[in-house]
Amino acid sequence: MELPTYDQFMLPLLKLAAEDGQIHAIATLREKLIQQFSLTSEQRAVKLPSGQQSVLDNRVGWASTYLRKAGLLSRPKRGYVQITQRGRDILAENPAAINNLYLQRFDEFREFKKRSTVEDPLSTAPNDTPTSTTPEETISKAVGILNAELRDELIDKVKQLTPEHFEGLVLKLLHAMGYGGSLKDVEGVPRGPDGGIDGTIKEDKLGLDVIYIQAKRWESSVGREKIQAFQGALAGVGARKGVFITTSTYTQQAITYATQLRDSKIILIDGQKLAQLMIEHDVGVSIKETLHIKRIDEDFFSNVDF
């Protein structure tokens, strides 16, 4: 038999995770899947084109990821999963299979898929088949999905930081984006009391203006009253520019209030935007793999002397 696709691994993986309801190592579940599908050593040895990971590991990994995004599995720690009550409820329905279409019934999964296509202007309809898109579009979609998962992982990591370390991360990110002078100057920025101003950074290397920052690791949405309080803190120091950064989201009232300000300007950055900026400016991430797409060098072939 051919190596199962990642969605063909979903239901068996969920069933294995439900055997005792305990936390399972992905590596252990993968070995059980190998036995269940009677996969050969040759099938296990097949690598992705990059040569850095086996196709089997990649597919089981994405099966686990999609089940987590749908809320059927949780990840108590890296490399481990545990079935959720929703996962048990789904198994009680005895589905014939679980795939992307099946998972679309869950809001969390639809939101994840939506996030994975936001940065992809070429993204086509969800039911498009691989043959209906160009190779470049397929690559673009894949990058979108990978970055969506990376953003979620970054947010989880950032939420584990102490308030002081989170504020330091924000300042380093702003420095990486071109604000402030030297990194030493940025790291030495004084922080104010909670509820007011958590830090400041120069808008440029000359320090012609200063940006005031509030950075909060929150789970719940930030409401209008918090933005009003931050605006009051800015007014108290005679400032006009501020950035409010959170690991969660903003209510619509908070967004509307910030956009309608006249005497001051407050930029709102939510968790997803924060993670995307970290990816774009290489803060807290590293390059796993580089893909080179090559084309004909017309200049080379226009040289008739070779």
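Residues numbered from 1 in each chain as written. Predicted model: local features only at pLDDT ≥ 70, side-chain atom pairs only at ≥ 80, totals over all residues. Heavy atoms only, no water.

(A) Just the sheet that holds strand S4 (residues 199-202), in detail. Across the sheet, 4 strands lie side by side as S4-S5-S6-S7; this open sheet has mixed pairing. At either end of the open sheet lies a strand with only one pairing partner, and these are S4 and strand S7 (265-269). The mean inter-strand angle of the sheet, taken between neighbouring strand axes irrespective of direction, is 25°. Where strand S6 (residues 241-246) meets S7, 5 bridges bridge the pair, whose relative direction is parallel. (Pairing = 2+ DSSP bridges. Helix = DSSP H or I, 4+ residues; strand = E, 2+ residues; numbered from the N terminus. Axes fitted to C-alpha atoms, helices over the stretch in contact; angles between N-to-C directions.)

(B) Broad picture of the nonpolar core. In terms of nonpolar packing, the biggest core is built from 35 residues, with Phe9, Tyr66, Leu67, Leu72, Ile98 and Leu103 touching the most fellow members. For this core, the secondary structure elements donating two or more residues are helix H1 (10-17), helix H2 (26-36), helix H4 (55-69), strand S3 (80-83), helix H6 (100-103), helix H7 (107-118) and helix H8 (135-159). Per-element tally for this core: the top contributor is H4, with 7 residues. Not counting residues within four places of it along the chain, the set of residues in contact with Leu67 comprises Met10, Leu13, Leu14, Leu72, Leu73 and Ile98. Leu171, Leu274, Ala275 and Leu277 belong to the second largest nonpolar core, which has 22 residues in total. (Core = buried A, V, L, I, M, F, W, Y, C linked by side-chain atoms within 4.5 Å. Buried < 20%, exposed > 50% of the residue type's maximum accessible area, 1.4 Å probe, protein only. Contact = heavy atoms within 4.5 Å.)

(C) Focus on the environment of Ile90. With respect to the helices and strands, the residue Ile90 is situated in helix H5 (residues 85-92). Given the relative accessible area of 4%, Ile90 is considered buried. When the C-alpha atoms of Ile90 and Leu11 are compared, they prove to be 9.9 Å apart, with 79 residues separating the residues in sequence. With residues up to four places along the chain from it excluded, the contact list for Ile90 reads Leu72, Pro95, Ile98, Tyr102, Arg105 and Phe106.

(D) Region of interest: the side chain of Thr84. Looking at the element boundaries, Thr84 is found in the loop between S3 and H5. Setting aside chain neighbours within four positions, we find Thr84 in contact with Gly71, Leu72, Leu73 and Ser74.

(E) View of the packing of aromatic side chains. Within the structure shown, the criterion is met by 8 aromatic pairs. Ring centres 5.3 Å apart and planes at 80° place the aromatic pair Phe9 and Phe37 in the edge-to-face group. Here Phe9, found in the segment before H1, pairs with Phe37, found in the loop between H2 and helix H3 (41-45); they are 28 residues apart in sequence, far enough to count as distant. Grouping residues by exposure puts Phe9 and Phe37 together as buried. Among the aromatic residues, those joined into a ring-pair cluster are Tyr6, Trp62, Tyr66, Phe109 and Phe112. Taking the ring centre of Tyr80 as reference, the NZ or CZ of Lys77 above it sits at 4.5 Å. Looking at Arg105, its charged tip hangs above the ring of Tyr102, at a distance of 3.8 Å from the centre. (Phe/Tyr/Trp six-rings, centres within 6.5 Å; stacked < 30°, edge-to-face > 60°. Lys NZ or Arg CZ within 6 Å of the ring centre and 35° of its normal.)

(F) Here's a closer look at helix H11 (residues 224-236). In this model, H11 (13 residues) spans 18 Å end to end at C-alpha, consistent with the 18 Å of a helix rising 1.5 Å per residue. Every buried residue belonging to H11 is among Ile227, Phe230, Ala233 and Leu234, and all of these are buried. Looking down the long axis of H11, one finds its buried residues gathered within 115° of arc, a one-sided arrangement. The exposed residues of H11 that point more than 90 degrees off its buried face are Ala235 and Gly236. Packing partners of the buried residues in H11 comprise strand S5 (210-216), S6, helix H12 (252-259) and S7. Just downstream of H11 lies Gly238, where phi reads positive at about 70°. (Expected span 1.5 Å × (residues − 1). Arc of directions from axis to C-beta.)

(G) Structural detail: the sheet that holds strand S2 (residues 73-74). Strand order in the open sheet formed by 3 strands is S1-S3-S2, and the pairing between neighbours is antiparallel. Edge strands, defined here as strands with exactly one partner in the open sheet, are strand S1 (24-25) and S2. Pairing between S2 and S3: 2 bridges, direction antiparallel. Residue Leu73 lies in a different strand from S3, and its bridge partner there is Ile83.

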